[in-house]
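Spelled out from the first residue to the last, the chains are:
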Amino acid sequence: AEAGLVRLMAVLTAIPPLLALFQTLADSRDYSQPAVAIVVWLAVLGAGAWLVPQLRRGGLATGETAAAILIAVGAVAATGAVHQAHGAQGGVDLAILGTVWLLVLIVMSHSARVWIPAALLVFAVRAAELIRAGGLNPLSLSRLAAAGYIMATVLIAFAAVRHTLDMHVGMAARQASLASR
């Protein structure tokens, strides 16, 4: 079960940043400095390659958790700073979708006392960027609400699943212990 969880997290850490990278490459005109966004998404992918294996040893340590938070905040701030809003153009908030998995790693490693403030910090940075770019209007507020829904849905789902996965890993360890007797 633990190996399956690590594989699932590896897939989750790769797909959203890859989608954000491909979107940046496809719509480079939407960025004042597309190279910055490309470097950000490559760095986020690198963070995944570094952090996901840490789940095998029981989760992220304090320093790794701080790094994940800083990377998520930095990615949201950097991509928001170079992304140019185009009126009513909609779409998925890739700044949030591309970084929420970093917060999922924190959810899988720590209690809500750690991951909720981290999520609120990332959300606050995204809110500041959206309001800076588009002002305080219904469109920027609806984009902010969508970003919040994306983040809350993903994090709450993994928080709910975490305890079930912990229970299954514990049961498998107990069965292996009994079988070895």
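Residues numbered from 1 in each chain as written. Predicted model: local features only at pLDDT ≥ 70, side-chain atom pairs only at ≥ 80, totals over all residues. Heavy atoms only, no water.

**Student:** Got a sec to walk through the overall build of the protein? Specific residues and values, please.
**Tutor:** Counting its secondary structure elements, the protein contains 7 helices and 0 strands. Walking the protein from its N terminus toward its C terminus, one meets helices and strands in the order α-α-α-α-α-α-α. The principal-axis extent of the C-alpha atoms belonging to the protein is close to 65 × 30 × 25 Å. Out of the 181 residues in the protein, the part that is buried amounts to 39%. (Helix = DSSP H or I, 4+ residues; strand = E, 2+ residues; numbered from the N terminus. Buried < 20%, exposed > 50% of the residue type's maximum accessible area, 1.4 Å probe, protein only.)

**Student:** Describe in detail the side chain of Thr-79, supporting the description with residues and values.
**Tutor:** Relative to the elements of secondary structure, Thr-79 occurs in helix α3 (residues 62-82). Ignoring anything within four residues of it in the chain, the contact list for Thr-79 reads Tyr-31, Ala-37, Val-40, Trp-41 and Ala-95. (Contact = heavy atoms within 4.5 Å.)

**Student:** Quick one: what's the story with the confidence of the model for the protein, residue by residue and with numbers?
**Tutor:** Averaged over all residues, the pLDDT of the protein is 87; the fraction at 70 or higher stands at 92%. Within the protein, the lowest mean pLDDT, 83, falls on helix α1 (residues 2-26), and the highest, 95, falls on α3. (pLDDT = per-residue confidence, 0-100.)

**Student:** Help me get a handle on the environment of Ala-61, residues and values and all.
**Tutor:** Within the element layout of this structure, Ala-61 appears in the loop between α2 (34-51) and α3. What makes Ala-61 partly exposed here is its relative accessible area of 31%. For Ala-61 and Val-40, which are 21 residues apart along the polypeptide, the C-alpha to C-alpha distance reads 23 Å.

**Student:** Can you tell me about the packing of α2 against α3, naming the residues and giving the values?
**Tutor:** Helix packing for two helices is described by the angle between their axes and how far apart those axes are. Running from N to C, α2 and α3 point in directions that differ by 165 degrees, and their axes come no closer than 9 Å. As far as their axial angle goes, α3 and α2 are roughly antiparallel. Relative to α3, the crossing made by α2 is left-handed. Each of Val-36, Ala-37, Val-40, Trp-41, Val-44, Ala-47, Trp-50 and Leu-51 in α2 lies in contact with α3, whose residues at this interface are Glu-64, Ala-67, Ala-68, Ile-71, Ala-75, Ala-78, Thr-79 and Val-82. Its residues assigned to classes, the contact of α2 with α3 comprises 14 nonpolar, 1 polar and 1 charged. (Axes fitted to C-alpha atoms, helices over the stretch in contact; angles between N-to-C directions. Parallel < 35°, antiparallel > 145°, perpendicular 65-115°, else oblique. Left-handed = near helix turned anticlockwise from the far one by under 90°. Nonpolar A, V, L, I, M, F, W, Y, C, P; charged D, E, K, R; others polar.)

**Student:** Can you tell me about the packing of α3 against helix α6 (residues 112-134), naming the residues and giving the values?
**Tutor:** Where α3 meets α6, the axes come as close as 9 Å, and the angle between the chain directions of the two elements is 10 degrees. Judged by the inter-axis angle, α3 sits roughly parallel to α6. Within the contact between the two elements, α3 uses Thr-65, Ile-69, Ala-72, Val-73, Val-76, Ala-77, Gly-80 and Ala-81 and α6 uses Val-114, Ala-118, Leu-121, Val-122, Val-125, Arg-126, Glu-129 and Arg-132. Considering only residue class, the contact of α3 with α6 consists of 11 nonpolar, 2 polar and 3 charged.

**Student:** For the nonpolar core, give the residues involved together with the corresponding values.
**Tutor:** Core analysis: the biggest nonpolar cluster contains 40 residues, and Leu-103, Leu-105, Val-122, Met-151 and Leu-155 have the highest contact counts within it. Among the secondary structure elements, those contributing two or more residues to this core are α1, α2, α3, α4 (94-97), α5 (100-109), α6 and α7 (138-179). Residue contributions to this core peak at 9 residues, all from α5. Look past the residues within four positions of Val-122 in its chain and what remains in contact with it is Ala-72, Val-73, Val-76, Ile-96, Thr-99, Leu-103 and Met-151. (Core = buried A, V, L, I, M, F, W, Y, C linked by side-chain atoms within 4.5 Å.)

**Student:** Break down α5 for me, citing the residues and quoting the values.
**Tutor:** Counting buried positions along α5 yields 10 of 10 residues, so the element is predominantly enclosed. For α5, the full list of buried residues reads Val-100, Trp-101, Leu-102, Leu-103, Val-104, Leu-105, Ile-106, Val-107, Met-108 and Ser-109.

**Student:** Account for the pattern of salt bridges, with residues named and values stated.
**Tutor:** As enumerated under the stated definition, the model contains 3 salt bridges in all. In this structure, Asp-27 engages Arg-29 in a salt bridge whose closest nitrogen and oxygen atoms are separated by 3.6 Å. The residue Glu-64 makes a salt bridge to Arg-57 at a minimum N-O spacing of 2.6 Å. For Glu-64, a relative accessible area of 11% puts it in the buried group. For Arg-57, a relative accessible area of 49% puts it in the partly exposed group. (Salt bridge = Lys/Arg side-chain N within 4 Å of Asp/Glu carboxyl O.)

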